[in-house]
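Residue-level structure breakdown
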Amino acid sequence: MSKMWNEKVESMSRDEIFAVQSENLRQTVKRVYENVPFYRAKMDKEGVLPGDIKDAADIVKLPYTYKQDLRDTYPFGLFAVPMDEVVRIHASSGTTGKQTVVGYTRKDLDTWSEIVARCLTMAGANKSSVVQVSYGYGLFTGGLGAHSGAEKVGATVVPTSTGNTARQVTVMQDFGTTVLCCTPSYALFIAETIEQMGIDKNALKLKTGIFGAEPWTEPMRAEIERRLGISAHDIYGLSEVMGPGVSMDCEYKNGLHIWEDHFLPEIINPETGEQMGDKENGELVFSCITKEALPLLRYRTHDVSSLDRSTCACGRSHARMAKPSGRTDDMLIIRGVNVFPSQIESVLLDVGDTSPHYMIYVDRKDNLDIMEVQIEVSDSVFSDKVRTLEDLGGKIRSRLDSVLGISAKVRLVEPGTIPRSEGKAKRVIDKRVL
Ligand code: DLL
């Protein structure tokens, strides 16, 4: 059994979780019906009244909430409390349309730091830890979210935010950082910078990484662990539901524990909207059952995952969600075939001899979709004979062929060619006009 921040809550029985969720859900539904005209109208239209929600299983009676609903009511239309009670605003950039604005009351901020404290403790952080927060600070939830949880644990927080990577490394070295929080792609960039600066990773005190905010694969985790000499944990969250810390994986790294006393998870079939069984893959949906400012109900995340409600070897009873394998909406359809960028990443990391920096270009010529994957190769391969490059390119091409079921052009490029990201990596450039 591992050390827990809040053992009583984290190891509750499934019956206790159901009871807590039922009570929290009943209260939240009543509150949104009374305070948010959008929800009242939606529920009235469906013919559901707060009294119809008797326990957590009744969640299926409630209508879904979509990102578009937040845009339609921009900026504060779905808030359930007067603005006087809102003490913080965040926003998510969103790839299309307006920003999605989210708000927090003082109690919401307390809840947030509590769940991040649970996550950090799960990764072994404590008062003695030096936590470097290299997620962006600002409207993005990553920086301040990780920050307040680390303070709650009593760790020494180093709020570097993103950028100036050489200075990040110097800070890491001089301040004795033990826990690094950032996106997995930035962790790799930091690893690369450490290598370029000629610093021996073993001379650093870094032990743990808490990485999230974008999809990443198991081979990428192994790569980061090896290059930084640390244990890498996966942290998940989304602004609309809270920010980082909705779930995270424990030392068994076998799914991410969702803090179910605050967030009620479901997996649904994105086509039909029907709930799916445990361990089935579908779209993750969350209801915020304790939030005051923005208690979204049945929020469609578009993230593809599954749920496992069995108790974990770490002793925590809270359901585990599988590492998100993609989004129902970032899925590329290429010549009629569904392609997730994470599948391509797995192939690249599996084949080896490449660095985990890649870019996917999609275009359409003569009514035919074409996909090109540009991949940086490692220094040694690039300086090697042309033959080696050709062989490697061919190997990647045939693996992509068999994994994706479609052919892709493969271009191996020099180390350092693909633009590095400090936040979420942009890996797909889709130039098709459909
Ligand atoms: O990315 C919150 C966050 C910050 C999480 C720092 C973890 C660490 P948004 O900008 O609203 O919030 O983006 C949310 O990012 O729906 C997922 O598609 C994706 N995402 C977040 N964490 C993970 C993860 C923050 N661990 C969207 N694995 C979500 C895969 C993730 N995807």
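Please read these numbers as outputs of a predicted model, since none were measured by experiment.

Reading the values: rules and limits
- Residues numbered from 1 in each chain as written.
- Predicted model: local features only at pLDDT ≥ 70, side-chain atom pairs only at ≥ 80, totals over all residues.
- Heavy atoms only, no water.
- Domains from an automatic or database assignment.
- Contact = heavy atoms within 4.5 Å.
- Salt bridge = Lys/Arg side-chain N within 4 Å of Asp/Glu carboxyl O.
- Polar contact = N/O pair within 3.5 Å; in protein donor to acceptor, adjacent residues only side chain to side chain.
- Helix = DSSP H or I, 4+ residues; strand = E, 2+ residues; numbered from the N terminus.
- Buried < 20%, exposed > 50% of the residue type's maximum accessible area, 1.4 Å probe, protein only.
- Pairing = 2+ DSSP bridges.
- Disulfide = S-S within 2.5 Å.
- Near = heavy atom within 4 Å.
- Areas by Shrake-Rupley, 256 points an atom, 1.4 Å probe, with all protein chains shown as cover.
- Nonpolar A, V, L, I, M, F, W, Y, C, P; charged D, E, K, R; others polar.

The next point concerns the domain arrangement of the chain. Domain annotation of the chain identifies domain 1 (7–329) and domain 2 (334–430). The C-alpha-based centres of domain 1 and domain 2 are spaced at 30 Å. Contacts between domain 1 and domain 2 engage 23 residues on the former and 14 residues on the latter. At the surface where domain 1 touches domain 2, the tally comes to 1 salt bridge. Between Arg420 and Glu192 there is a salt bridge, and its shortest N-O distance comes to 3.0 Å. Counting across the interface, domain 1 meets domain 2 through 9 residue pairs in polar contact (both at pLDDT 80 or more). Residue assignment for the side of domain 1 that touches domain 2 shows that the elements contributing at least two residues are helix H8 (184–196) and helix H9 (218–228).

Turning our eyes to something else, we now look at helix H10 (residues 341–351). By the criterion of burial, H10 is predominantly enclosed, with 8 of the 11 residues buried. All buried positions along H10 are accounted for by Pro341, Ser342, Ile344, Glu345, Val347, Leu348, Leu349 and Val351. Two residues or fewer after H10 comes Gly352, characterised by a positive phi angle close to 80°.

Sheet faces and side chains relate simply in a regular strand, where the side chains alternate between the two faces. Two strands pair when backbone bridges link them, and strand E17 (residues 354–365) and strand E18 (residues 368–377) are joined in this way by 9 bridges, in the antiparallel orientation. When the bridges of E18 are listed, Tyr358 appears paired with Ile375. With antiparallel pairing between neighbouring strands as the criterion, E17 and E18 make up a hairpin whose turn holds 2 residues, including Asp366 at a positive phi of roughly 50°.

Under the counting rule described, the total for this entry stands at 0 disulfides. Cys182 forms no disulfide, and the closest cysteine sulfur to it belongs to Cys181, at a distance of 7.8 Å. In this structure Cys182 comes out as buried when scored by relative accessible area, which is 0%. Of all cysteine sulfurs, the one in Cys312 lies closest to Cys250, which takes part in no disulfide; the gap is 3.7 Å.

Attention now goes to the site of the ligand. Asp234, Ile235, Ser239, Asp303 and Arg327 are the nearest of the 21 residues found near the ligand. In this structure, Ser239 approaches the ligand through a side-chain N or O atom, which is 2.5 Å from an oxygen atom. In isolation the ligand has 610 Å² of accessible area, and contact with the protein removes 93% of it. Secondary structure elements with two or more residues in the shell around the ligand: helix H6 (141–153) and strand E7 (231–238). Ranked by residue count, the leading element in the shell around the ligand is E7, at 5 residues. Residues of the shell around the ligand, tallied by class, amount to 9 nonpolar, 6 polar and 6 charged.

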